[in-house]
Amino acid sequence: WRAVGDEVPAKLVAAKELVLEGGELVEREQMGNNRVGMVVWQCTLVTPEYPEGRDIILIGNDVTTKAGSFGVEESEVFFKASELARKKGIPRIYIACNSGARIGGVEELKAMTQVEWNDKNDLLKGFKYLYISDDDFKKLPAQAVESHPETVNGQTRHVLDAIMGVGLPSTKGGVGVECLQGSGLIAGETSRAYDETFTLSYATGRSVGIGAYLNRLGQRNIQMVNGPMILTGADMLNKVLGQQVYTTLDQLGGPHIMVPNGVTHELVQNDQDGVEAILRWLSYVPENVLTIPPLISSKDPVARKVQFTPTKTPYDPRHMLGGVKVDGEWQGGFCDEGSFHEYLAGWGKSVVVGRGRLGGLPVGIVSVETRSVERHIPADPQETKSSDIIEVQAGQVWYPDSAYKTATAIRDFNRGEQLPLIIFANWRGFSGGTRDMFGEVLKYGSMIVDALVEYKQPVTIYIPPNGELRGGAWVVLDPKINIEQIEMFADVEARGGILEPPAAAEVLFKKDKHTVEMMHRCDDKLKELDARQAKGEDVAKDVKAREKLLLPVYQQVATQYCDLHDRAPRMKSVGVIREGLKWEESREYLHWRIRRRTQENSIARQLMRAVPNMSYATAMAAVTDLCKDVAAAAAAGGEDKAVALWIEEHPKEVQSRVETERHRATEEEIYKLVSSLPSSKRAEVVRDLVGYSRVAAQASA
């Protein structure tokens, strides 16, 4: 609140606890007296983005109840809470601290169970079976055990074939596979929730088994330094391995594992930082899946010039995005000052992803690390010969991990967050060496295309100043991948092409054959020697010497010739980019361009919900028609701003057009249905419709 200059409201949070009763969630305060190790609240948060309040569903393990394990009831509570978040389309926040699926046994049978030994005098020879006496058997519910009778010394024994425990108190809430079924239930629910609403998990303590999977299935994860995510404990693994290998849970799923592998998006030091991280993430996210991200007033003017300029030499892309102090003076970056926040920083380091604001408008950002980075693969304690591996990765290149990171970030921005996407495209290509091809770079590069094809919000591809987009890297970002959403721009100082100019010159100039021809056409000395040679003089040595002298210079000329093909004017002339931009002015231009497209896209989605069979192209045509007068009246270069502001300031006109389109589609559908009837039936149906209309009109009057 203070950051945006507003007074902090007296009440920031209102919470209603939800309890499972009769298979449904109902509002009831438990005051900490819950007997189920899963707790749920529907919270209303008063934030600068939503001063009237926004709702979230908050789900948490209660680690004080059966160690936070997942029994049948815990899974049912989690399922219903997550389902509620999906139905409402509001964020689902999960606070994770648990011990995995509950494991137990039928306690009542322990004191009843007896052993039939092979040799009572030598117990080391083993046993034949377990059994309970006839008296104990009669005390048990019908489905407590499955057994068969056996008579020994005139007494009936019930040899245990299976223990079910049905009807016994100790099995309430589950003790085995029923808990695993519950885990499967909430695993599937969490996967659906990620597709349908915003999901975020905070691992405040250990997350084991299904707890770890829930974090991963929800995709977005904040991890506290003391919150390992593991599949099983160190002691259990040591038993499997038959030796003492692992000593801590951190070795299996601590930050040094989960941050570099991309499971953890953000690492925090304590719970206060964790809550702050949750609220910061929510600040970029719309209140529900049917709305657009919240636009707030920004202290950083949208018309501000971008001061930090990317250089031809390697630089930190975070300075380009967030700004930096240089010689004591602040140089503003592309995003609003202080708004850019990086995520997944420890994984796929040759790509930088995060969320920021552009003139108060939330955006998802993918950028490129231009410097070399290192990838660390830790040694595995169970492999005595293993050791740490450090791999050096070049800047401006997609590797398997950074390509996967790019696709992951795009999917996250699209699902539940509905963020406009900006990709600062400065890639020379993909790493195609043996190791990286084996490491599935082709697969992960293809996933970038898949993610962009699915994108439902405006996508802006911008080749920054002194940046370049080449070969396969261009292909996976080209606007033709998703013509409904992707637009590409290039800075006037950017380049784009199949090969870099030196390599292109090798091809275009036939390995200097055409370069030499250019020398003879342009160099006065060579033209003179050619004339003398034509007259029969022997000047071959002089020609060769002159060619050798000039070759390095003319190779530069050939390179420059190829470079001239890669510039913004040619890109625009052949229709592969929308505009060539000047970096310092890009903030304002792209703000209004993205803001307009976001508003238009939102109206198109409303139309498509109102008219289920309407295509996106048809919906956008209706939007264009709605705004055509505003666009026509706008000053040169001001069309995007004029349209965006008109849409924001005229919600009634927008809603009226949506209703008009819905009515028109309904009429068309009625005509189609009536036309499909036999001619003998049409008059009867029309008569009934007229009668229905009269009755409905009288009822409404």
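Here, every reference points to the structure presented above.
Just so you know, these numbers come straight off a predicted model, no measurement behind them.

**Structural notes on a nonpolar patch on the surface**
Residues Ile498, Leu499, Val507, Leu508 and Tyr561 make up a contiguous nonpolar surface patch of about 500 Å² in total accessible area. Its location among the elements puts tyrosine 561 in helix 18 (residues 540-563).

**Considerations on the layout of surface pockets**
One number sums up the size of the second largest pocket: a volume of about 560 Å³. Lining of the second largest pocket is provided by 25 residues; of these, Pro260, Trp347, Arg375, Ile377 and Asp401 occupy positions nearest its centre. Within the residue set of the lining of the second largest pocket, elements represented by two or more residues are helix 8 (255-258), strand 20 (373-377), strand 21 (389-393), helix 11 (400-414) and helix 12 (434-438). When residues in the lining of the second largest pocket are grouped by element, the largest group, 5 residues, is from strand 20.

**Regarding the environment of asparagine 61**
Turning to its location among the elements, asparagine 61 is positioned in strand 4 (residues 54-61). Apart from the residues lying within four places of it in its own chain, the contact partners of asparagine 61 are Gly37, Met38, Gly68, Phe70, Tyr94, Ile95, Ala96, Cys97 and Asn98. Engagement of the side chain of asparagine 61 in a polar contact is seen with the backbone nitrogen of cysteine 97, the distance being 3.2 Å.

**Section: the packing of aromatic side chains**
Summed over all chains, the structure comprises 17 aromatic pairs. Judged by centre distance (3.8 Å) and plane angle (15°), the ring pair of tryptophan 398 and tryptophan 427 falls under stacked. Of the two residues, tryptophan 398 sits in strand 22 (residues 397-398) while tryptophan 427 sits in the loop between strand 23 (421-424) and strand 24 (429-430), which places them 29 residues apart along the sequence. Through successive ring pairs, a cluster of aromatic residues spans Phe334, Phe424, Tyr462 and Trp583. The ring of tyrosine 131 carries the charged tip of arginine 157 above its face, separated from the ring centre by 4.2 Å.

**What about helix 18?**
The terminal C-alpha atoms of helix 18, which comprises 24 residues, lie 33 Å apart, in line with the 34 Å expected from a rise of 1.5 Å per residue. A bend of about 50° at leucine 551 is the largest found in helix 18, and the proline proline 552 appears one to four places after it. Along helix 18, the residues classified as buried are Val543, Glu547, Leu550, Tyr554, Ala558, Cys562 and Asp563. Against the buried residues of helix 18 lie strand 28 (495-497), helix 15 (501-508), helix 16 (513-522) and helix 17 (524-534).

**Some words on the sheet that holds strand 27 (residues 486-491)**
Spatially, 17-18-19-23-25-27-29 is the arrangement adopted by the 7 strands of the open sheet, whose pairing is mixed. Here the strands that pair on one side only, and so sit at the sheet edges, are strand 17 (341-343) and strand 29 (579-581). Pairwise comparison of adjacent strand axes, ignoring direction, gives a mean angle of 25° for this sheet. Sheet topology note: the strand 19 (residues 361-368)/strand 23 ladder contains 3 bridges and is parallel. Each residue of the ladder has a partner; that of glycine 364, found in strand 23, is leucine 421. Helix 11 contacts strand 17, strand 18 (351-358), strand 19 and strand 23 of the sheet and is inclined by roughly 25° relative to strand 18.

**Quick look at the nonpolar core**
Ile423, Trp427 and Leu477 are the most contacted members of the largest nonpolar core, which has 37 residues in total. When near neighbours in sequence (up to four residues on either side) are disregarded, tryptophan 427 contacts Val351, Val366, Ser367, Val368, Gln396, Val397, Trp398, Glu468, Leu469, Arg470, Ala473 and Leu477. Of all hydrophobic cores here, the second largest spans 22 residues; its members include Leu358, Leu361, Phe424 and Ile594.

**A few points about empty space enclosed by the protein**
Applying the stated criterion across every chain yields a total of 2 cavities of 30 Å³ or more. A volume near 40 Å³ is recorded for the largest cavity. His265, Tyr343, Leu344, Val353, Gly354, Arg355, Ala409, Asp412 and Phe413 are the residues that line the largest cavity. Mapped onto the lining of the largest cavity, the elements with two or more residues apiece are strand 18 and helix 11. For the lining of the largest cavity, the class distribution of residues is 5 nonpolar, 2 polar and 2 charged. Size it by volume and the second largest cavity reaches roughly 30 Å³. What lines the second largest cavity is simply Glu391, Val392, Gln393, Tyr399, Arg435 and Asp436. Of the residues forming the lining of the second largest cavity, the biggest block, 3 residues, is contributed by strand 21. Taken together, the residues of the lining of the second largest cavity sort by class into 2 nonpolar, 1 polar and 3 charged.

**Some details on the packing of helix 16 against helix 17**
For the pair helix 16 and helix 17, the least separation of the axes is 5 Å and the interaxial angle reads 85°. Taken as axis vectors, helix 16 and helix 17 run roughly perpendicular relative to one another. Where helix 16 abuts helix 17, its residues Met519, His520, Arg521 and Cys522 lie against Asp524, Leu526, Lys527 and Asp530. Class assignment for the residues of the contact of helix 16 with helix 17 results in 3 nonpolar, 1 polar and 4 charged.

**Observations regarding the sheet that holds strand 2 (residues 24-27)**
Sheet strands line up and pair through hydrogen bonds in the backbone, either parallel or antiparallel. Judged by pairing direction, the sheet is mixed, and its 8 strands sit side by side in the order 2-1-3-4-5-10-12-14 without closing on themselves. The sheet is open, and its two edges are formed by strand 2 and strand 14 (266-268), each paired on a single side. Each strand of the sheet is rotated relative to its neighbour by a mean of 25°, with strand direction disregarded. The pairing of strand 1 (residues 13-21) with strand 3 (residues 38-45) spans 6 bridges and is classified as antiparallel. Following the sheet pairing, alanine 14 is matched in strand 3 by threonine 44.

**Concerning helix 22 (residues 639-649)**
Here helix 22 has its buried residues at Asp640, Val643, Ala644, Trp646 and Ile647. Buried residues of helix 22, seen end-on, are gathered within an arc of 165° and therefore sit on one face of the element. Looking at the packing, one finds that the buried side of helix 22 touches helix 20 (586-610), helix 21 (616-633) and helix 23 (651-675).

Parameters and conventions
Residues numbered from 1 in each chain as written. Predicted model: local features only at pLDDT ≥ 70, side-chain atom pairs only at ≥ 80, totals over all residues. Heavy atoms only, no water. Patch = residues over 30% accessible without salt bridge, like charges linked within 9 Å, V, L, I, M, F, W, Y side chains within 5 Å. Areas by Shrake-Rupley, 256 points an atom, 1.4 Å probe, with all protein chains shown as cover. Salt bridge = Lys/Arg side-chain N within 4 Å of Asp/Glu carboxyl O. Helix = DSSP H or I, 4+ residues; strand = E, 2+ residues; numbered from the N terminus. 1 Å grid on protein atoms, 1.4 Å probe; cavity = no way out; pocket = protein on both sides within 12 Å on 5 of 7 lines; lining within 4 Å. Points joined across faces, edges and corners; volume = space filled by probe spheres on them. Contact = heavy atoms within 4.5 Å. Polar contact = N/O pair within 3.5 Å; in protein donor to acceptor, adjacent residues only side chain to side chain. Phe/Tyr/Trp six-rings, centres within 6.5 Å; stacked < 30°, edge-to-face > 60°. Lys NZ or Arg CZ within 6 Å of the ring centre and 35° of its normal. Expected span 1.5 Å × (residues − 1). Bend = angle between axes of the 7 residues up to and from the residue. Buried < 20%, exposed > 50% of the residue type's maximum accessible area, 1.4 Å probe, protein only. Pairing = 2+ DSSP bridges. Axes fitted to C-alpha atoms, helices over the stretch in contact; angles between N-to-C directions. Core = buried A, V, L, I, M, F, W, Y, C linked by side-chain atoms within 4.5 Å. Nonpolar A, V, L, I, M, F, W, Y, C, P; charged D, E, K, R; others polar. Parallel < 35°, antiparallel > 145°, perpendicular 65-115°, else oblique. Arc of directions from axis to C-beta.

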